[in-house]
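# Overview (structure and organization)
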Amino acid sequence: MERRAASRRGQPAYGHDALIACDRLVRVFTTDGVEVQALQGLDLLVAEGELMALVGASGSGKSTLMNILAGLDVPTAGAAKVAGRDLLTMDAKARLGYRRDVVGFVWQQTARNLLPYLTALQNVTLPMQLRGGRRRAARTKAAVELLSMLALDHCRDRRPHQLSGGEQQRTAIAVALANTPSVLLADEPTGELDSHTAEQVFTAFRTANEELGTTIVIVTHDQAVASEVRRTVAIRDGRTSSEVLRRTERDAATGQESLVAREYAMLDRAGRLQLPAEYTSSLGMEYRVLLELESDHIGVWPDRTADGAGRGRGGAGEDGAKGSGVAEDGGEAS
Ligand SMILES: Nc1ncnc2c1ncn2[C@@H]1O[C@H](COP(=O)(O)OP(=O)(O)OP(=O)(O)O)[C@@H](O)[C@H]1O
Ligand SMILES: [Mg+2]
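This write-up is about the structure you can find in this document.

Criteria and thresholds
Residues numbered from 1 in each chain as written. Chains lettered and ligands numbered in written order. Predicted model: local features only at pLDDT ≥ 70, side-chain atom pairs only at ≥ 80, totals over all residues. Pairing = 2+ DSSP bridges. Helix = DSSP H or I, 4+ residues; strand = E, 2+ residues; numbered from the N terminus. Contact = placed C-beta atoms within 7 Å. Axes fitted to C-alpha atoms, helices over the stretch in contact; angles between N-to-C directions. Expected span 1.5 Å × (residues − 1). Buried ≥ 20, exposed ≤ 12 C-beta atoms within 10 Å, placed from the backbone. Arc of directions from axis to C-beta. Core = buried A, V, L, I, M, F, W, Y, C linked by C-beta atoms within 7 Å. Near = placed C-beta within 6 Å. Nonpolar A, V, L, I, M, F, W, Y, C, P; charged D, E, K, R; others polar.

## Re the sheet that holds strand S1 (residues 20–31)
Read from one edge to the other, the open sheet built from 4 strands follows the order S2-S1-S4-S5, with strand pairing classed as antiparallel. In this open sheet, the two edge strands, each paired with only one partner strand, are strand S2 (34–46) and strand S5 (85–86). Summarising the sheet, S1 and S2 pair through 10 bridges and their orientation is antiparallel. Bridging across to S2, Ala21 finds its partner in Leu45. Seen against the sheet, helix H2 (residues 62–69) touches S1, S2 and strand S4 (77–82) and runs at an angle of roughly 65° to S2.

Take a look at the structure:
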């Protein structure tokens, strides 16, 4: 017992090298005596410099998570750290500093991101002004550069109503980047845009990620956006359930490059794993499954005991089930 505790002490803490680390995050809302568990023990690690997407059905908890990461809401339980700041224990002053200096935010509603009576340039210099410390000329220069980086030179002196929806969202990205935050969070930033404009807005995020090294998390329903990032994490019922990783592979014979996407299931810290419903239902797996540890993978079989078999809905036969129920290579990248 003592030895086990000692060896655990020697191990680095969960997510110690991640820029964003959510550890069994819980958020419960209570309205009129009814409890809603928006986040139910969500784990998520995001490395510095990543550009990643979060997807999930409506009500799965995406915005709840984003509001917590933005420092606008406090989780009920669990742990959340961003750039070394503890989001649960920050006091009001630290929270304000966190929102001003560490995170930038882009909302879905274009109108919510910009002040209508200020020009694009003034909108970008405003957060710099609120932080203080830089002279006016330096602020203007930095803002001009940000707008230029996002191909918005022509929008500099225009007010939001004189900008297209896509230009407004790109200006919003410039505003969010004004104080060079470590993390840029965007909740459905292309939700109100057509696909062509959405593509341009996504390009602006990519530019920010590549040119400034900003870590970016985008919540999206847009399959095109989700498939353009290297990592897409799916949230289901308030938990991260699966993850798609994409990488370019070169065919050794033809030299041709292609994008390879693989879907992984998330293994939480208690060892829990969610099996895709298509898999379990096709094998009639319900309630209880049989596990076997092999040298390089874990096998998962339908329960065939007398009382277990009665629960299954048939599914594959004994022989077929055994082969196809195997979780090959345990989800590790090869
Ligand atoms: N302030 C709140 N008070 C009560 N319940 C809330 C509150 N905010 C969110 N919820 C509930 O928490 C759950 C998760 O909501 P959330 O807004 O995080 O979902 P979402 O994944 O962002 O959905 P969408 O894709 O529709 O934006 C929902 O059941 C929602 O009704
Ligand atoms: Mg939402």
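## What about helix H6 (residues 136–149)?
The end-to-end C-alpha separation of H6 is 20 Å, in line with the 20 Å expected for 14 residues at 1.5 Å each. Buried residues of H6: Arg139, Ala143, Leu146 and Leu147, and no others. An end-on view of H6 places all buried positions within 95° of arc, on one side of the element. In this structure, H6 carries Ala137, Ala138, Glu145 and Ser148 as exposed residues pointing more than 90 degrees from its buried face. Taken together, the buried residues of H6 touch helix H5 (120–131) and helix H7 (165–176).

## Concerning the pairing of strand S6 (residues 103–106)
What you see with S6 is no split at all: Val103 and Phe105 on one side and Gly104 and Val106 on the other are buried throughout. Sheet analysis places S6 next to strand S7 (residues 183–187), joined by 4 bridges and oriented parallel. Opposite Gly104, over in S7, you have Leu184 as the bridge partner.

## As for the environment of Ala261
Residue position: Ala261 is located in strand S11 (residues 257–265). Taking the C-beta count within 10 Å as the criterion, Ala261 has 11 such neighbours and is therefore assigned exposed.

## Side note on the nonpolar core
If you look at the biggest cluster of nonpolar residues, it comprises 66 residues, and the most contacted ones within it are Leu69, Val124, Leu147, Ile173, Ala174, Leu185 and Phe205. Per element, the largest residue contribution to this core is 6 residues, and it comes from helix H8 (residues 195–212). Among all residues touching Val124, those that are not within four sequence positions of it are Ala143, Leu146, Leu147, Ala174, Val175 and Ala178.

## Examining the sheet that holds S11
A sheet is described by the order of its strands in space; here 7 strands give the open sequence S6-S7-S8-S3-S9-S10-S11, paired in mixed fashion. Taken across any chain shown, the strands that pair with only one partner, and hence form the sheet edges, are S6 and S11. Between one strand axis and the next, the sheet turns through 20° on average, direction left out of account. Against the sheet, H7 contacts S6 and S7, and its axis sits at roughly 165° relative to S6. Lying on the sheet, H8 is in contact with strand S3 (51–55), S7 and strand S8 (215–219); it crosses S8 at an angle near 160°.

## Some details on the site of ligand 1
In the vicinity of ligand 1, the contacting residues are Phe29, Thr31, Val36, Ala38, Gly56, Ser58, Gly59, Ser60, Gly61, Lys62, Ser63 and Thr64. Broken down by secondary-structure element, the contributors of at least two residues to the shell around ligand 1 are S1, S2 and H2. Of the residues forming the shell around ligand 1, the biggest block, 3 residues, is contributed by H2. When grouped by side-chain class, the residues that make up the shell around ligand 1 number 3 nonpolar, 8 polar and 1 charged.

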